Amino acid sequence: HVQLVESGGGSVQAGGSLKLTCAGSAYILEQCGMGWFRQTPGKEENLVSVLDSDGITKYSDSVKGRFTISEDTMKNTVSLQMNSLKPLDRGIYYCAAEDLGSRWPEAWKYASSYRYWGQGTQVTVS
């Protein structure tokens, strides 16, 4: 069953902003690192950002300085604030979760490392 749900996608012009939200169960957010991945047609998911279980944030080079990942523990959500959006940011955004502490040190980089996935929310930039 689906254990993560994304929302907040939409269409925006270049330079605009969107905030994506991923809702999950309390145990997932307490136990797992949370990742955001972007998929374009015909291609695999690429890492956008990760908030690991130690509270450390990581970002792909293409979004550094523009995107911010954060957690709201009271609402059991993780958000991705996306500013200064560019056409290269377009795609379907998925949130994912995995107990990264149980995996090898660089597991956070790869979509295949994550056990739980949402159904995605689409972002278009014109």
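Please refer to the structure placed before this passage.
Parameters at a glance
Residues numbered from 1 in each chain as written. Predicted model: local features only at pLDDT ≥ 70, side-chain atom pairs only at ≥ 80, totals over all residues. Heavy atoms only, no water. Helix = DSSP H or I, 4+ residues; strand = E, 2+ residues; numbered from the N terminus. Rg over C-alpha atoms; globule rule 2.2 N^0.38 Å. Buried < 20%, exposed > 50% of the residue type's maximum accessible area, 1.4 Å probe, protein only. Contact = heavy atoms within 4.5 Å. Areas by Shrake-Rupley, 256 points an atom, 1.4 Å probe, with all protein chains shown as cover. Lys, Arg positive; Asp, Glu negative; His and termini not counted. Charge placed at Lys NZ, Arg CZ, Asp CG, Glu CD. Pairing = 2+ DSSP bridges. Axes fitted to C-alpha atoms, helices over the stretch in contact; angles between N-to-C directions. Phe/Tyr/Trp six-rings, centres within 6.5 Å; stacked < 30°, edge-to-face > 60°. Lys NZ or Arg CZ within 6 Å of the ring centre and 35° of its normal.

> Hey, could you run me through the overall build of the protein chain in this one?
The helix and strand inventory of the protein chain stands at one helix and eleven strands. Ordered by position in the sequence, the α and β elements of the protein chain form the string β-β-β-α-β-β-β-β-β-β-β-β. Taking 14 Å as the expected radius of gyration for a compact globule of 126 residues, we find that the protein chain reaches 13 Å, a close match to that expectation. Considered along the principal axes of its C-alpha atoms, the protein chain spans approximately 40 × 30 × 30 Å. The burial tally for the protein chain puts 44% of its 126 residues in the buried class. Taking as baseline every contact in the protein chain between residues at least 6 positions apart, the subset at least 24 positions apart corresponds to 58%. Total accessible area on the protein chain is roughly 6,600 Å²; 49% of this is exposed by carbon and sulfur atoms. In the protein chain, the 12 positive side-chain charges and the 13 negative ones have mean positions that sit 8 Å from each other.

> Can you walk me through the sheet that holds strand β3 (residues 18-24) in this structure?
If you walk across this open sheet you meet the four strands as β1-β3-β8-β7, and the pairing is antiparallel. The open sheet has two edge strands with one neighbour each: β1 (4-7) and β7 (67-72). Neighbouring strand axes in the sheet, compared pairwise and without regard to direction, differ in orientation by 15° on average.

> Explain the packing of aromatic side chains to me, please; I cannot follow it from the model alone.
What characterises a pair of aromatic rings is the spacing of the ring centres plus the angle enclosed by the ring planes. What the rule picks out here adds up to four aromatic pairs. Ring centres of phenylalanine 37 and tyrosine 114 lie 5.1 Å apart, and the angle between their planes is 75°; this geometry places the pair in the edge-to-face category. On the criterion of sequence distance, the pair formed by phenylalanine 37 in strand β4 (residues 33-39) and tyrosine 114 in the loop between β9 (91-98) and β10 (116-117) is long-range, its members being 77 residues apart. Both residues of the pair, phenylalanine 37 and tyrosine 114, belong to the buried class. For the pair tyrosine 94 and tryptophan 117, a centre-to-centre distance of 6.3 Å together with 75° between the ring planes defines the contact as edge-to-face. With tyrosine 94 in strand β9 and tryptophan 117 in strand β10, this residue pair connects regions lying 23 residues apart in the sequence. You can call tryptophan 117 partly exposed: its relative accessible area is 24%. Ring-pair connections join several aromatic residues into one group, and the members of that group are Phe37, Tyr94, Tyr114 and Trp117. Residue placement shows lysine 58 over the ring face of tryptophan 108; its charged tip is 5.0 Å from the ring centre.

> Honestly, the pairing of β3 in this entry has me stumped. Any pointers?
Put simply, side chains in a regular strand alternate between the two faces of the sheet. Residues Leu18, Leu20, Cys22 and Gly24 of β3 are buried on one face, while the alternating residues Lys19, Thr21 and Ala23, pointing to the opposite face, are not. Of the strand pairs in this sheet, β1 and β3 are connected by four bridges, and their pairing is antiparallel. By the bridge assignment for β3, valine 5 is matched with alanine 23. By the bridge criterion, six bridges tie β3 to strand β8 (residues 77-82) in an arrangement that is antiparallel.

> Quick question: what am I supposed to make of the environment of cysteine 32 here?
By the secondary structure assignment, cysteine 32 is in the loop between α1 (26-31) and β4. With relative accessibility at 7%, the residue cysteine 32 sits in the buried group. Distance from cysteine 32 to valine 50, taken between C-alpha atoms, is 11 Å for residues 18 residues apart in sequence. In contact with cysteine 32, not counting residues within four places along its chain, are Ser53, Ala97, Glu98, Asp99 and Tyr116.

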